[in-house]
Amino acid sequence: MTNPTTLRFHPLALGLGLAAAVFVACGSDETTPSGTETLTFAGSDPLFPGLHYETGLLPPGSPVQASFAVSADGATEVVAEAIASGSSSAPSLTSVPASGAITLSGGFALEGRLVVDISGLPSYDGPIPGIENTTIDFSATTAFDPFARDTPVSARADIPPADLPGIPLPGGIPGSLLLAVGEGSYVEIALLGSEVCASDDVGRYGVELTRAGLLVVSPRIEIEVPVLGTQTFDIPSVEVPLSLGATTLTMTAEIETYGSAPAKGETVSERCSGPPVGSGGAGQGGGGEGGAGGGGPKTCTTAADCGGLPCVEGTCSPGGGICDTGLSTGDADVDSCLSTSCCQELDICTDGYQSIQACNDCIADGGGPLCDAYLACATPCSGTPVCNSGVAVGDPDIGACLSDFCCQEFNDCTQNGTDVAACQACFAAGSGPLCDAALDCSLMACGV
């Protein structure tokens with residue numbers, strides 16, 4: 001079975017036609033002329049500026065009331081790449097197609113006050129201890145083509161409905177506060193290019209970030225009332241609007257050299273006038289084949305050298321991509337899945353992001369101590385799952401066919417998902433007692 005997805009950089013094949021979780025440096029493109037400097041624009045903007053939300057005591061007149069205050073922390077990270085051409089006196093910037101990435105990450109926290117006045121129970125009016133440990137986290141990454149000033153692109157993090165852990169009531173009151181994330185909760189950023197220019201050997205890229213979203217939290221309180229038993233007191237849903245306006249993020253990058261304009265990408269030849277508008281981040285220039293130039297990416301030993309971002313093979317990550325490493329599979333959905341589930345396993349496989357190739361070589365060999373945990377974690381992110389075997393394939397039609405006709409054979413190969421790596425190693429070898437039945441079924445039933 002052949003890999004249905006062709007990706008770039010280190011070949012991190014997951015075996016059996018899986019969509020390969022290939023690491024590609026964000027924005028790398030084979031159309032970039034040899035020896036040309038790549039400029040990296042990178043910046044960060046607060047996701048929730050000015051957010052302050054309190055409900056007051058609800059519902060009015062009830063013997064059981066609660067109030068909630070919602071706080072939030074988060075950031076929008078933007079990264080994009082370009083090629084500088086022309087000259088210092090007549091500069092041009094050309095975007096690297098698909099090199100842009102918007103990453104949203106953050107979370108919500110709650111504080112609460114409880115009032116209880118029920119006959120037969122202690123009265124209470126005070127804070128709700130333990131609610132501060134309740135967090136609602138989210139993250140999302142969307143790729144885009146930089147420099148477009150008439151086509152907005154959105155990054156959206158949907159927050160799925162979920163019941164949160166119950167919180168025991170204080171003050172000797174027998175019961176619990178129960179919270180649930182409600183339907184329709186999401187955070188979204190729309191990005192629209194506002195400025196692209198270069199002058200004095202500095203490139204500038206400005207984007208307007210417009211915020212939207214809604215957080216819905218549904219509370220209820222259950223109390224054991226003498227004689228009556230368990231009583232449920234519904235509290236009106238907390239609906240926090242997240243349409244917090246727009247800001248401009250301006251990013252700059254020093255131009256060390258001027259090369260040839262690439263064949264693809266959007267070229268802008270405007271000179272900058274006046275100071276940049278909005279917050280910003282200093283970009284980085286990366287060297288061509290000869291290595292990093294004087295304005296190249298910041299070298300590092302640990303993440304502490306990078307302000308908390310990963311140190312990837314001795315270079316500070318620009319952020320975004322998989323686990324904020326700046327690496328990508330080329331598929332934003334796969335990157336997001338890996339970032340949510342597999343950061344620890346990837347850290348181990350790559351020796352703290354210091355040896356990407358060793359991790360890829362292990363996976364290309366079908367598994368091994370270095371990469372088995374990452375393989376098991378990454379496989380469900382990379383395509384259509386085959387039953388509950390832990391194996392996924394990149395082609396949804398093939399995945400559906402294998403699930404219809406070859407469930408037992410795949411489950412047997414992975415021992416019902418408990419040893420996916422051994423099964424993958426057998427597939428990589430082309431045959432073996434462990435996988436022969438699955439291979440035969442794949443060929444006979446699905447033609448692959």
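Refer to the preceding data block for the structure.
Quick notes on the rules
- Each chain has its residues counted from 1, following the order in which its sequence is written.
- Local features are withheld for residues below a pLDDT of 70 in this predicted model, meaning they are given only at 70 or higher, and side-chain atom pairs are given and counted only at 80 or more; totals for whole chains, interfaces and linings count all residues.
- As a rule here, side-chain values cover all heavy atoms of the structure and leave hydrogens and water aside.
- Definition used for salt bridges: Asp or Glu carboxyl oxygen within 4 Å of a side-chain nitrogen of Lys or Arg.
- For each residue, the accessible area found with a 1.4 Å probe, counting protein chains only, is set against the maximum for its type, and the residue is called buried under 20%, exposed over 50%, and partly exposed in between.
- Helix and strand labels come from DSSP, where a helix needs a run of H or I of at least four residues and a strand needs a run of E of at least two; each type is numbered from the N terminus.
- Only the contacting stretch of a helix is used when fitting its axis, a line to C-alpha atoms as for every element, and angles between N-to-C directions run 0 to 180 degrees.
- An angle below 35 degrees is read as roughly parallel, one above 145 as roughly antiparallel, one from 65 to 115 as roughly perpendicular, and any other as oblique.
- Throughout, a crossing is termed right-handed when the near helix is turned clockwise from the far one, and left-handed when it is turned anticlockwise from it by less than a right angle.
- Working rule for contacts: check all heavy atoms of both residues, and any pair within 4.5 Å makes them a contact.
- Amino acid classes used here: Ala, Val, Leu, Ile, Met, Phe, Trp, Tyr, Cys and Pro are nonpolar; Asp, Glu, Lys and Arg are charged; the rest, including Gly, are polar.

A. Layout of the pattern of salt bridges. Summed over all chains, the structure comprises six salt bridges. A salt bridge links glutamate 195 to arginine 204; its shortest N-O distance comes to 2.8 Å. A salt bridge links arginine 220 to glutamate 222; its shortest N-O distance comes to 3.6 Å. Looking at arginine 220, the relative accessible area reads 33%, which means it is partly exposed. On the accessibility criterion, glutamate 222 (26% relative accessible area) is partly exposed. Within this structure, Arg156, Asp158 and Glu188 form a network of salt bridges that share partners.

B. Molecular detail of the environment of serine 260. In this structure, serine 260 sits in the loop between β17 (246–254) and β18 (267–268). Judged by its relative accessible area of 47%, serine 260 is partly exposed. For the pair formed by serine 260 and isoleucine 83, sequence separation is 177 residues and the distance between their alpha carbons is 8.2 Å.

C. Seen up close, the environment of proline 129. On the secondary structure map, proline 129 appears in the loop between β7 (124–127) and β8 (135–144). Sequence spacing of proline 129 and proline 168 is 39 residues, and the spatial spacing of their C-alpha atoms is 8.5 Å.

D. Representation of the packing of helix α5 (residues 396–405) against helix α8 (residues 436–446). Contact geometry for α5 and α8: axes closest at 10 Å, N-to-C directions at 110°. Taken together, α5 and α8 sit at an angle that is classed as roughly perpendicular. Two packed elements cross with a definite hand, and for α5 against α8 that hand is right-handed. On α8, the residues that touch Cys401, Leu402 and Phe405 of α5 are Cys441, Ser442, Ala445 and Cys446. In terms of residue class, the contact of α5 with α8 is made up of six nonpolar, one polar and no charged.

E. Focus on the side chain of serine 199. With respect to the helices and strands, serine 199 occurs in strand β13 (residues 185–199). Residue serine 199 is classed as buried on the basis of its relative accessible area of 11%. Excluding anything up to four places from it in sequence, serine 199 contacts Arg271 and Cys272.

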